[in-house]
Amino acid sequence: MSETRSDGELLRAIAADADRRAFEELYRRFAPWLTARLRGRCADPGLVDDVVQETFLAVWRGKARYRQEGDVAGWLWRIGSRRLVDALRGDGARGRLRQALARLRHRDEASAEERVLAGVEHGDLAGALVRLSPELRAVLQATVIDGLTTREAAVLLGIPPGTVKTRAMRARRQLREALA
């Protein structure tokens, strides 16, 4: 019976010894979660699957190095979300159209992040977040929750960087007013 290794131990084994078993265990632990998270951002399951594969290939090939800071899930999410932005950027107009259609198709369905945001119970924050328009919530989600830069959020949302900045400013102002 083998003992379960920590995420950090798996990453060290992958980096130092190209340990295939460690890689497979890391993949089993995080690929389903990363896939689900990325599908909340992209309606194209084929593209999401490609991004997940590219994320783990970067780990395997040593192109992505874990620096023992933060949790492994967050580190993988940063790699995966940036690779998704790169993939969408490469798709250009087709990627933006796909995202726009996905938003229209799923606009009545709240994402997991939106449900979490709506469930926050710190004063009136939940109510204030729910009252934000979907466009403002999407910008907050991309820039605050996912930690994307303005430029990356613009590519992901299919809007100009200036619009991201304006919407983020409006969202913060509306939240301040609602919570005052």
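**Comments concerning the overall build of the protein**
Helix and strand content of the protein: 10 helices and zero strands. Along the chain direction, N to C, the helices and strands of the protein fall in the order α-α-α-α-α-α-α-α-α-α. Taken across its 180 residues, the protein has 39% of its residues classed as buried. Expressed as a percentage of contacts within the protein between residues at least 6 apart in sequence, the contacts between residues at least 24 apart total 60%. Here the protein displays about 10,800 Å² of accessible surface, and carbon together with sulfur accounts for 51% of that area.

**Considerations on the packing of helix H9 (residues 150–157) against helix H10 (residues 161–179)**
Two numbers describe how H9 lies on H10: the axes approach to 8 Å, and their chain directions differ by 105 degrees. Taken as axis vectors, H9 and H10 run roughly perpendicular relative to one another. Side by side, H9 and H10 meet where Thr-150, Ala-153 and Ala-154 of the first sit next to Pro-161, Val-164 and Lys-165 of the second. Of the residues contributing to the contact of H9 with H10, the split by class is four nonpolar, one polar and one charged.

**Remarks on empty space enclosed by the protein**
Enumeration over the complete set of coordinates arrives at one cavity of 30 Å³ or more. If you add up the space inside the largest cavity, you get close to 40 Å³. The leading source of residues in the lining of the largest cavity is helix H4 (residues 72–91), at four residues.

**Re the packing of aromatic side chains**
Evaluation of the coordinates by the stated rule reveals three aromatic pairs. Ring centres of Phe-23 and Phe-56 lie 6.3 Å apart, and the angle between their planes is 80 degrees; this geometry places the pair in the edge-to-face category. With Phe-23 in helix H2 (residues 20–39) and Phe-56 in helix H3 (residues 45–60), this pair connects stretches of sequence that are 33 residues apart. For the ring pair Tyr-27 and Phe-56, a centre distance of 4.9 Å and an interplane angle of 70 degrees mean the geometry is edge-to-face. Here the residue Tyr-27 occupies a position in helix H2, and Phe-56 occupies one in helix H3, the gap between them amounting to 29 residues.

**Examining the environment of Arg-20**
Looking at where Arg-20 falls in the secondary structure, it is placed in helix H2. With 40 residues separating them along the chain, Arg-20 and Trp-60 place their C-alpha atoms 8.8 Å apart.

**A closer look at a positive patch on the surface**
A cluster of basic side chains, namely Arg-170, Arg-172, Arg-173 and Arg-176, defines a positive patch on the protein surface. Here Arg-170 shows up in helix H10.

**Looking at the pattern of salt bridges**
Under the defined criterion, the tally for this structure stands at seven salt bridges. We note a salt bridge from Glu-24 to Arg-20, for which the minimum N-O separation is 3.7 Å. Separated by four residues within a single helix, Glu-24 and Arg-20 lie in helix H2, roughly one turn from each other. Owing to a relative accessible area of 55%, Arg-20 belongs among the exposed residues under this scheme. For Arg-39, the salt bridge identified is with Asp-49, shortest N-O distance 3.0 Å. Linking Arg-39 in helix H2 with Asp-49 in helix H3, this pair joins segments that are 10 residues apart in sequence. Members of the salt-bridge network, linked through shared partners, are Asp-7, Glu-25, Arg-28 and Arg-29.

Conventions used here
- Note on numbering: residues in each chain are counted from 1, in written sequence order.
- The predicted origin of the model limits local features to residues at a pLDDT of at least 70 and limits the giving and counting of side-chain atom pairs to 80 or more, whereas totals for whole chains, interfaces and linings rest on all residues.
- With hydrogens and water excluded, all non-hydrogen atoms of the structure serve as input to the side-chain values.
- A run of DSSP states H or I qualifies as a helix once it reaches four residues; a run of E qualifies as a strand once it reaches two. Both are numbered from the N-terminal end.
- With a 1.4 Å probe rolled over the protein chains alone, any residue whose accessible area is under 20% of its type maximum counts as buried; one over 50% counts as exposed, and the rest are partly exposed.
- We call two residues in contact when some of their heavy atoms are within 4.5 Å.
- Note on areas: Shrake-Rupley, 1.4 Å probe, and residue coverage restricted to the protein chains presented here.
- The angle between two axes is taken between their N-to-C directions and runs from 0 to 180 degrees, where each axis is a line fitted to C-alpha atoms and a helix contributes only its stretch in contact.
- For this classification, under 35 degrees means roughly parallel, over 145 means roughly antiparallel, 65 to 115 means roughly perpendicular, and everything else is oblique.
- Residue type decides the class: Asp, Glu, Lys and Arg count as charged, Ala, Val, Leu, Ile, Met, Phe, Trp, Tyr, Cys and Pro as nonpolar, and the leftover types, Gly among them, as polar.
- Definitions used for this entry: grid spacing 1 Å over protein atoms alone; cavity, a set of points where a 1.4 Å probe fits but cannot get out; pocket, an open set with protein on both sides within 12 Å along at least 5 of 7 lines; lining residue, one with an atom within 4 Å of a point.
- Grid points are joined across faces, edges and corners, and a volume is the space filled by probe spheres set on the points.
- Classification of ring pairs rests on two measures: the distance between centres of Phe, Tyr or Trp rings, Trp counted by its six-membered ring, which must be within 6.5 Å, and the angle between planes, read as stacked under 30 degrees, edge-to-face over 60 and tilted in between.
- Patch rule: a residue counts if its relative accessible area is over 30% and it has no salt bridge; like charges are joined within 9 Å, and nonpolar side chains (Val, Leu, Ile, Met, Phe, Trp, Tyr) within 5 Å.
- The term salt bridge refers to a side-chain nitrogen of Lys or Arg lying within 4 Å of a carboxyl oxygen of Asp or Glu.
- Under this rule, positive means Lys or Arg and negative means Asp or Glu; His and the chain ends count for nothing.
- Where a charge lies is defined by one atom per residue type, namely NZ (Lys), CZ (Arg), CG (Asp) and CD (Glu).

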